[in-house]
Number of protein chains: 2
Amino acid sequence: MNPSALEALIEALRCLPGIGPKSAQRIAYHLLQRDRKGAQRLGDSLLHALSSIRHCQRCNTFSENDICERCASPRRDQALLCIVETPVDMNMMEQTLAYQGLYYVLMGRISPLDGVGPRELGLEQLLARVLDGVVSEVILATNYTNEGEATAHYLTAMLRPKGINVTRIARGVPVGGELEYVDSGTLAQALRERKSFQG
Amino acid sequence: MNPSALEALIEALRCLPGIGPKSAQRIAYHLLQRDRKGAQRLGDSLLHALSSIRHCQRCNTFSENDICERCASPRRDQALLCIVETPVDMNMMEQTLAYQGLYYVLMGRISPLDGVGPRELGLEQLLARVLDGVVSEVILATNYTNEGEATAHYLTAMLRPKGINVTRIARGVPVGGELEYVDSGTLAQALRERKSFQG
């Protein structure tokens, strides 16, 4: 019953994660009736982003240039490479102000349930990046979820035989954390990975 | 930290109802990483819909033509005008196959809390439509919510002095409904609006 351009819009809105047919229709009506300016801006910026955003050839994050600003910076320690799952994780690492090396963004994680294996992640590109002759340590900063852990194990098995020093960010009680409120899995790991105390 | 085209997309996605900054970022990453085809289709169909969808000059619903197909149809009873809140409500009425008249779509309802009064609804256009000399009965099919009821009352006060026969769709126990499961407000109304029984 809807005009065809409206039907096409409703159908296209379903590419958004978590949007079903009813929500798509509601959103389409909302945009056409109440926010045409916003819809125009969204349409324009979608097409602009698609044509201008690609992946940095060194770190694989989203970039408008072949090499992103961070990878091109001479002030970064070229011998350190931190592997994260997403650009958001990279931003979190940057906000610590505790890391001056470079990054590699996997843009995902190994997750067999979602059909993402080593091949889908494009790990050959990572391997080529690591074996550039300058990187001496790879820091695995994938999440401490099942998928993140599986990814860390896979990457270790892939990189260590090549003579690369592979490390993993520490796991334990959060700073400011109270034992009473820390889950027992974290506490057990913190106990197992206890360190000699510099008192 | 994101490239500017990506930041612009994240900002633009926030025009979607219920999408905050975190969700917008997640959606932008998803589209650029996993569904570029869907994003392209969405961008194209947004711009196409914006340029081709307007309001039918007679019934105010979304249409690609000045007058929509339904209003242009000679098989419709021109003397009956059913007023609904949204195009979805119009489709629901059509699905009953019990109505052969025409429609007027308010594209909203009177809702002071949302800042929608009679002026924002553009009721002058409705008034001009009703007073075309052909319409003899206006059927109010706004929802039985507070806002829908307020709208119905306002429209009645506006149209009845013009000599228009204004009716309202019936309220009562749903077909197939059991008294045990009907809310008491509906049951009280059904009792108050009881009719002589054609047994």
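Note that the structure is a prediction, hence the values are computed from the model and not measured.

Asks: Can you help me understand the pattern of salt bridges in this one?
Replies: If charged atoms from side chains of opposite charge come close, those side chains can pair. All names here are of chain B. Throughout the structure, instances matching the rule amount to 18 salt bridges over all chains. The closest approach of N and O atoms between arginine 76 and glutamate 94, which form a salt bridge, is 2.5 Å. Placement of the pair is arginine 76 in the loop between helix 4 (69–72) and strand 3 (77–84) and glutamate 94 in helix 5 (residues 87–95), with a sequence separation of 18 residues. Neither arginine 76 nor glutamate 94 differs from the other in exposure class; each is buried.

Asks: I would appreciate a short explanation of the layout of surface pockets in the present structure.
Replies: Vacant regions in the atomic arrangement are exposed by a probe of water-molecule size rolled over the atoms. Taken as a whole, the largest pocket spans an internal volume of roughly 570 Å³. Lining of the largest pocket is provided by 23 residues; of these, A:Arg26, A:Tyr29, B:Thr86, B:Val88 and B:Arg109 occupy positions nearest its centre. When residues of the lining of the largest pocket are traced back to their parent elements, those giving at least two are helix 2 (21–34) of chain A together with helix 5 of chain B. For the lining of the largest pocket, the element with the most residues is helix 2 of chain A, which contributes 8 residues. Taken together, the residues of the lining of the largest pocket sort by class into 10 nonpolar, 8 polar and 5 charged.

Asks: Hey, could you run me through the pairing of strand 4 (residues 101–105) of chain B in this one?
Replies: Side-chain direction in a regular strand flips from residue to residue, so the side chains alternate between the two faces of the sheet. All names here are of chain B. Among the 5 residues that make up strand 4, 5 are buried, leaving the element largely enclosed by the rest of the structure. Judged from the 5 bridges that link them, strand 3 and strand 4 form a sheet pairing that is parallel. In the sheet register, valine 84 faces strand 4, and the bridge partner there is valine 105. A crossover connection joins strand 3 to the parallel strand 4 through helix 5; in handedness this β-α-β unit is right-handed.

The rules behind the values
The numbers attached to residues start from 1 for each chain and follow its sequence in the written order. Chains carry letters and ligands carry numbers; both start at the beginning, A for chains and 1 for ligands, and go up in the order they are written. Totals for whole chains, interfaces and linings use every residue, but because this is a predicted model, local features are given only for residues with pLDDT of at least 70 and side-chain atom pairs only at 80 or more, for both listing and counting. Calculated side-chain values reflect all of the structure's heavy atoms, with hydrogen atoms and water omitted. Definition used for salt bridges: Asp or Glu carboxyl oxygen within 4 Å of a side-chain nitrogen of Lys or Arg. Secondary structure follows DSSP: runs of H or I at least 4 residues long count as helices, runs of E at least 2 residues long count as strands, and numbering of each begins at the N terminus. For every residue, the accessible area (1.4 Å probe, protein chains only) is compared with the maximum for its type, and the residue is labelled buried under 20%, exposed over 50%, or partly exposed between those bounds. Grid spacing is 1 Å over the protein atoms alone, the probe is 1.4 Å, and a cavity is where that probe fits but cannot get out, while a pocket is an open set with protein on both sides within 12 Å along at least five of seven lines and lining residues have an atom within 4 Å of a point. Grid points are joined across faces, edges and corners, and a volume is the space filled by probe spheres set on the points. Each residue is assigned to one of three groups, with Ala, Val, Leu, Ile, Met, Phe, Trp, Tyr, Cys and Pro labelled nonpolar, Asp, Glu, Lys and Arg labelled charged, and all others, Gly among them, labelled polar. Strand pairing requires that DSSP identify at least two bridges connecting the strands. Looking down the strands as they point away from you, a crossover is right-handed if its path from the first strand over the helix to the second goes clockwise.

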